[in-house]
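Working through the structure, step by step
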Amino acid sequence: MTYEGSIYRPPSEAYSLIIQVTIGCSHNECTFCEAFKAKKFRVRPFESVLEDLREARRYYRHVERIFFADGDAMCLSTEALLCLLGAVKDIFPECSRVGVYSRATQILNKSMQDLMRLQQAGLGIVYIGAESGSNEVLKRVKKGETAEDIIKAVQKAESAAIKTSVTFVLGLGSKELMAEHAVKTGEMISKMGASYVGLLTLILTPEAPLYADAQSGDFLLISPGESIDELEIILEHTNCFKQTVLRSNHASNWLALKGTLPQDRDRMLGEIRAAKADVSKLRSGFMRGL
């Protein structure tokens, strides 16, 4: 199978077959993200992807899930995605779910009928990087989408029976916009009705444009304690209207949390407050990573 450059996938796709259908990210301007900066975006030819699927079939007897990389496979046309999903069904009839990364824009650009066709063809989940519920934060990190765009996209995909997994980044508002970032993120989680929400913590690498701002002091990184404060504020401002699985147990996080909103909200807030009272409950710095 052919892979170009570093390959990124969601934690929940750890045991999935990864098939690269695009190279890089169609947007690739977010200042906090270094993942695809070294790649020029393009779509791989269908025949090349098909050959990868056939080669994988020769190696693997049973494939339960497949993930279409790279950063924004949902940017493909509906017909192109249907061809890929059809190939998966032909070659891996046992596959129960195909997942993709998607920008909100790509979901909004597709009709409800197209989304339903994709779901029926096997697209089971889309992973969306919301990053923040604050439009000011999103503007500063050059996300190219608004909180309202992302909320509408999540609701649209969920209405088409495609599950959504949405990630937010603790610390992305810096010290300056920490409170706004946290409050608006909690409110956004409440409004959008995603199946899954993941909270990560900002870790900058030299390849990310925001790294230089952090080094110069133009972007002020929050402390571990402030990260926990931010987590607390986010949960205090959630009031979900449907069940949402929440995870804050990524390797980047100082405190591992998991539960389902709204029923586990108070229990998780209790764990946060216990950690604030006893910092030994936090992960040590060397245990964290990307």
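The subject of this paragraph is the overall build of the protein chain. Check the secondary structure of the protein chain and you find ten helices and ten strands. Relative to the 2.2 N^0.38 estimate, which gives 19 Å for 290 residues, the radius of gyration of the protein chain is 19 Å and therefore close to what a compact globule would have. If one aligns the C-alpha atoms of the protein chain with their principal axes, the spans along those axes are about 55 × 40 × 35 Å. Expressed as a percentage of its 290 residues, the buried residues of the protein chain come to 52%. Counted over contacts in the protein chain with a minimum sequence separation of 6, partners at least 24 positions apart contribute 77%. Of the roughly 13100 Å² of accessible surface on the protein chain, 52% is carried by carbon and sulfur atoms.

In this section: the environment of Asp52. Within the secondary structure, Asp52 sits in helix 1 (residues 46-59). Excluding residues that lie within four positions of it along the chain, Asp52 makes contacts with Met1, Thr2, Ile19 and Arg44. A polar side-chain atom of Asp52 sits 3.2 Å from the main-chain amide nitrogen of Thr2. Polar side-chain contacts of Asp52 include one of 2.8 Å to the side chain of Arg44.

Take the pairing of strand 1 (residues 17-20) next. Side-chain alternation along strand 1 places Leu17 and Ile19 on one buried face and Ile18 and Gln20 on a second face that is also buried. Here strand 1 runs beside strand 4 (residues 65-69); their pairing, made up of four bridges, is parallel. Bridge pairing in strand 4 places Leu17 opposite Ile66.

The strand order 1-4-5-6-7-8-9-10 describes an open sheet built from eight strands, whose pairing is mixed. Only two strands of the sheet have a single neighbouring strand rather than two, namely strand 1 and strand 10 (258-261). Ignoring which end each strand starts from, the neighbouring axes of this sheet average 25° apart. Along the sheet, helix 6 (residues 147-159) makes contact with strand 6 (123-131) and strand 7 (163-170), crossing strand 7 at roughly 155°. Together, strand 6, strand 7, strand 8 (196-201) and strand 10 form the strand contacts of helix 7 (residues 178-192), whose direction differs from that of strand 7 by roughly 175°.

Taken as a whole and assessed by the stated rule, the structure comprises 22 salt bridges. Residue Asp114 is joined to Arg117 by a salt bridge in which the shortest nitrogen-to-oxygen separation is 3.3 Å. Taken together, the positions of Asp114 and Arg117, both in helix 4 (residues 112-121) and three residues apart, correspond to about one turn of that helix. You can call Asp114 buried: its relative accessible area is 19%. For Arg117, a relative accessible area of 31% translates into the label partly exposed.

What follows deals with the nonpolar core. Ile66, Phe68 and Met192 are the most contacted members of the largest nonpolar core, which totals 67 residues. The dominant element in this core, judged by the number of residues it contributes, is helix 2 (residues 78-91), at seven residues. Not counting residues up to four positions away in its chain, the partners in contact with Ile66 are Glu13, Ser16, Leu17, Ile19, Leu53, Val88, Phe92, Cys95, Arg97, Val98 and Gly99.

To continue, consider unusual backbone geometry. Following Ala69, the chain continues into Asp70 via a peptide bond in cis, with omega recorded as 10°. Along the chain, Asp70 turns up in the loop between strand 4 and helix 2. The amide bond that connects Leu261 to the next residue, Pro262, takes the cis arrangement and shows omega of 10°. Even without glycine at this site, Asn28 takes up a positive phi of about 55°. By the secondary structure assignment, Asn28 is in the loop between strand 2 (22-23) and strand 3 (42-43).

At a minimum axis separation of 8 Å, helix 7 and helix 9 (residues 224-236) run at an interaxial angle of 35°. The chirality of how helix 7 crosses helix 9 is right-handed. On the side of helix 7, the interface is formed by Met178, His181, Ala182, Val183, Thr185, Gly186 and Ile189, while helix 9 contributes Glu226, Asp229, Glu230, Ile233 and Ile234. A per-class count over the contact of helix 7 with helix 9 returns six nonpolar, three polar and three charged.

With 15 residues, helix 7 extends 21 Å between its outermost C-alpha atoms, agreeing within 8% with the 21 Å of an ideal straight helix rising 1.5 Å per residue. Following helix 7 by one or two positions, Gly193 adopts a phi angle in the positive range, close to 70°.

With 14 residues, helix 2 extends 20 Å from end C-alpha to end C-alpha; this agrees with the ideal 20 Å at 1.5 Å per step. Every buried residue of helix 2 is listed here: Thr78, Leu81, Leu82, Leu84, Leu85, Ala87, Val88 and Ile91. Packed against the buried residues of helix 2 are helix 1, strand 4, strand 5 (97-101), helix 4 and strand 6.

Within the element layout of this structure, Thr78 appears in helix 2. Given the relative accessible area of 8%, Thr78 is considered buried. Apart from the residues within four sequence positions on either side, Thr78 is in contact with Lys110, Asp114, Arg117 and Leu118.

Basis of the calculations
Residues numbered from 1 in each chain as written. Predicted model: local features only at pLDDT ≥ 70, side-chain atom pairs only at ≥ 80, totals over all residues. Heavy atoms only, no water. Helix = DSSP H or I, 4+ residues; strand = E, 2+ residues; numbered from the N terminus. Rg over C-alpha atoms; globule rule 2.2 N^0.38 Å. Buried < 20%, exposed > 50% of the residue type's maximum accessible area, 1.4 Å probe, protein only. Contact = heavy atoms within 4.5 Å. Areas by Shrake-Rupley, 256 points an atom, 1.4 Å probe, with all protein chains shown as cover. Polar contact = N/O pair within 3.5 Å; in protein donor to acceptor, adjacent residues only side chain to side chain. Pairing = 2+ DSSP bridges. Axes fitted to C-alpha atoms, helices over the stretch in contact; angles between N-to-C directions. Salt bridge = Lys/Arg side-chain N within 4 Å of Asp/Glu carboxyl O. Core = buried A, V, L, I, M, F, W, Y, C linked by side-chain atoms within 4.5 Å. Left-handed = near helix turned anticlockwise from the far one by under 90°. Nonpolar A, V, L, I, M, F, W, Y, C, P; charged D, E, K, R; others polar. Expected span 1.5 Å × (residues − 1).

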